[in-house]
Amino acid sequence: MLVTRPYHLPVKLRRRLVAVCLLLALEAAAFALLVTESVTGAIVAAGLTCVSLWLHLVLHECGHLVVAKLLGLPVVAVRIAPFNGWRNEVSVRPSPSTAALPLRMVLFYLGGPLANLSAATALVVASGYTGTALTRLTLLGAAFVGALLALTNLVPGRATRSDGQNLLRWLRAPAAAREGLGAGYYQEEVVRALRAVARVAGDVHRVGIQARAGSDPLLALAAYQQRLSTAHTQSAELVEEAERLAALARASSTDPATAAAIGQMLSVQFGLWYLYAAVVTGSPVARREVREISELAGIAARTQPHAFSARIAMSLAHLLNQRPEDARSLLLDVRPGTEPADLCAVALLLRAAAESYLGNHADADHLLRAAGGDYPQLAQLVAAIRAADPAPPLFAPLRVAGT
């Protein structure tokens, strides 16, 4: 599940912060020993300075949590475990269409560091009202740790989960950050659809898979599915791996059942993404990409022409080929409850897209309602096709030499 994780220091920063805190603790112990001439006092000062780090970690996450609640950002997970690998987080899941979302997200990411800085300020003020050098030193040491934690986490770096990096992203390119949020949620739905395809195709391809259990194409497909399940975007590495899988699907040495499983997986995955690119980002895909999707879907359709997952793959290929009538005809018999729920919803939404392109808006609206709310991002995409006039092109026209 895609979530926004506001606090997760990278390894190098963690080590540096720990080293600085240990150095501070040693200095505090040395100074306390010099001032009080008490070994016990020195140990207490050093110990409290170290403990303050963990207290500031908890306070940091509480700051994010309080701001999220005040701003109405949906909190989906809270993890505060400062003694367990620094894995602390408050995860929120806002809708990309939320009003004033960039401002809310900026305040959300500031919540943790501001909590640390506020606590550090309070500790400095409190140190002025204490009468003993040991107590003053301990309070100032704790204040320094809190300020250091806040400032370290606000520094933008390579860590995509740091507050500073996320703040910079929402301040510099709020529209792109919104788009990235929506794309991440859509990726979740694509992965969910692919899992459903794999479950349904398992029975269809079981004989071939068992017969070639040690085959390289099958192992490559399994590895690809594993990586895909944790991906939030279509990374360059995934695309390269998909190209290698596509070559295996076309190879004559690959078992037909395995080739069909690869064809279904890739045509549904990239077909859904090409649909998103054309409708949401206004970037129709190249004609050669559509040809490749059609080829991969055809591999699956030839092996099991009546399999539900193969029909979904082929309907996507027809949609991208600007053939909504053919896409619609493959899914006419789909009704809620007649097929696995996950794939049924996808099929209904794809048919709604086809009906929208054909101008059958009443049918499209009925299918959108029948699909339910399992795929809200895909449903919004179909609704965008339904609302567009004219419907957006799905692939870029071929370039003609000399024009």
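Everything quoted here is computed from the prediction, not taken from an experiment.

Asks: Help me understand the UniProt feature "transmembrane region" (unreviewed entry) in the protein chain, please; the structure alone is not making it clear to me.
Replies: When the UniProt feature table is mapped onto this chain, "transmembrane region" (unreviewed entry) is found at residues 42-59, 66-86, 106-125 and 137-155. Helix makes up 100% of residues 106-125 and strand 0%, and the two end C-alpha atoms of the span are 28 Å apart.

Asks: Looking at this model, I keep getting lost on helix α10 (residues 256-279). Mind explaining?
Replies: Structural remark: α-helix, 3.6 residues per turn; residues separated by three or four positions point the same way. Helix length check: α10 (24 residues) gives 34 Å between terminal C-alpha atoms against 34 Å at 1.5 Å per residue, within 8%. The distance from a side-chain oxygen at the start of α10 to the backbone nitrogen of Ala 257 is 3.0 Å, and the residue carrying that oxygen is Asp 255.

Asks: Hey, could you run me through the packing of helix α12 (residues 308-320) against helix α14 (residues 341-357) in this one?
Replies: Think of two packed helices as two axes; the pair is described by the angle between the axes and how far apart they sit. Following both chains from N to C, one finds α12 and α14 inclined at 25°, their axes separated by 10 Å at the closest point. In this view, α12 runs roughly parallel relative to α14, as classed from their interaxial angle. In the packing of α12 onto α14, the handedness of the crossing is left-handed. Listed contacts from α14 to Phe 308, Ser 309, Ile 312, Ser 315, Leu 316 and Leu 319 of α12 are Leu 343, Cys 344, Val 346, Ala 347, Leu 350, Ala 353, Ala 354 and Tyr 357. Taken together, the residues that form the contact of α12 with α14 break down as twelve nonpolar, two polar and no charged.

Asks: Just checking my understanding: could you explain the packing of aromatic side chains for this structure?
Replies: Tallied over the entire structure, the rule returns five aromatic pairs. For the pair Trp 273 and Tyr 276, a centre-to-centre distance of 5.3 Å together with 70° between the ring planes defines the contact as edge-to-face. Taken together, the residues span about one helical turn, with Trp 273 and Tyr 276 both in helix α10 at a distance of three residues. The buried category is assigned to Trp 273, whose relative accessible area is 12%. Put simply, the rings of Tyr 186, Trp 273 and Tyr 276 touch in pairs and so form one group of aromatic residues. Here the basic side chain of Arg 93 rests over the ring of Tyr 185, its NZ or CZ set 4.3 Å away from the ring centre. It is Arg 192 that lies over the ring of Tyr 375; its NZ or CZ is 4.9 Å from the centre.

Asks: Please clarify how the nonpolar core should be interpreted in this entry.
Replies: The nonpolar side chains of a soluble globular protein tend to be buried with one another. Membership of the largest hydrophobic core comes to 70 residues, with the highest contact counts inside it found for Tyr 224, Leu 266, Leu 272, Ile 312, Leu 350 and Leu 381. If near-sequence neighbours (up to four positions away) are discounted, Leu 272 is found in contact with Tyr 186, Val 190, Ala 193, Ser 267, Leu 316, Leu 350 and Leu 378. Ranked by size, the runner-up nonpolar core spans 15 residues in total, among them Val 67, Val 90, Phe 108 and Leu 181.

Asks: Any chance you could explain α14 here in plain terms?
Replies: Here α14 spans 25 Å end to end across 17 residues, near enough to the 24 Å set by a 1.5 Å rise per residue. With 14 of its 17 residues buried, α14 lies for the most part within the structure. Two residues or fewer after α14 comes Gly 359, characterised by a positive phi angle close to 85°.

Asks: Looking at this structure, how should I read the side chain of Thr 258?
Replies: Along the chain, Thr 258 turns up in helix α10. Note on Thr 258: relative accessible area 1%, which makes it buried. With sequence-adjacent residues up to four places away left out, Thr 258 is seen in contact with Pro 217 and Leu 218.

Asks: Explain the packing of helix α3 (residues 101-127) against helix α5 (residues 163-172) here, please?
Replies: Their axes nearest at 9 Å, the elements α3 and α5 cross at an angle of 160°. With respect to α5, the axis of α3 lies roughly antiparallel. The two elements α3 and α5 meet at a crossing, and its hand is left-handed. Where α3 abuts α5, its residues Leu 101, Pro 102, Met 105, Val 106, Tyr 109, Leu 110 and Pro 113 lie against Asp 163, Asn 166, Leu 167, Arg 169, Trp 170 and Leu 171. Here the contact of α3 with α5 is composed, by residue class, of ten nonpolar, one polar and two charged.

Asks: Sorry if this is basic, but what is going on with the pairing of strand β2 (residues 89-92) here?
Replies: Taken residue by residue, a regular strand's side chains alternate between the two faces of the sheet. Burial of β2 is two-sided: the residues Glu 89 and Ser 91 facing one way and the residues Val 90 and Val 92 facing the other way are all buried. As judged from the four bridges shared by strand β1 (residues 75-79) and β2, these two strands associate in the antiparallel manner. Counted as the bridge partner of Val 75 is Val 92 from β2.

About the cut-offs
Counting from 1, residues in each chain are numbered in the order their sequence is written. For this predicted model, a pLDDT threshold of at least 70 governs which residues receive local features, and a threshold of 80 or more governs which side-chain atom pairs are given and counted, while totals over whole chains, interfaces and linings are taken from all residues. Side-chain calculation: all heavy atoms of the structure are included, whereas hydrogens and water are not. UniProt positions are given in the numbering used here, feature names are shortened, and annotations may be inferred rather than shown by experiment. Note on conventions: DSSP H or I runs of at least 4 residues are helices, E runs of at least 2 residues are strands, and numbering of each starts at the N terminus. Here the expected span of a helix is defined as 1.5 Å times the quantity of residues minus one. By the criterion applied in these results, polar contacts are pairs of N or O atoms within 3.5 Å in which, for protein atoms, one can donate a hydrogen and the other can accept it, and in which residues neighboring in sequence qualify only through two side-chain atoms. Throughout, an axis means a line fitted to C-alpha atoms (over the contacting stretch in the case of helices), and angles, computed between N-to-C directions, take values from 0 to 180 degrees. Angles are sorted into four bins: roughly parallel if under 35 degrees, roughly antiparallel if over 145, roughly perpendicular if 65 to 115, and oblique for all others. Left-handed describes a crossing whose near helix is turned anticlockwise from the far helix through less than a right angle; right-handed describes the clockwise counterpart. Note on contacts: a residue pair is in contact if any heavy atoms of the two residues lie within 4.5 Å. Classification convention: Asp, Glu, Lys, Arg as charged; Ala, Val, Leu, Ile, Met, Phe, Trp, Tyr, Cys, Pro as nonpolar; all other residues, Gly among them, as polar. Working definition: rings of Phe, Tyr and Trp (its six-membered ring) pair if their centres are within 6.5 Å, and the pair is stacked with planes under 30 degrees apart, edge-to-face with planes over 60 apart, and tilted otherwise. In this scheme, a residue with accessible area under 20% of its type's maximum is buried, one over 50% is exposed, and one in between is partly exposed, where area comes from a 1.4 Å probe on protein chains only. Lysine NZ or arginine CZ positioned within 6 Å of the ring centre and within 35 degrees of the ring normal marks a charge as sitting over the ring. Side-chain atoms within 4.5 Å link the members of a nonpolar core, which is a set of buried Ala, Val, Leu, Ile, Met, Phe, Trp, Tyr and Cys residues. Should DSSP find at least two bridges between two strands, the strands are regarded as paired.

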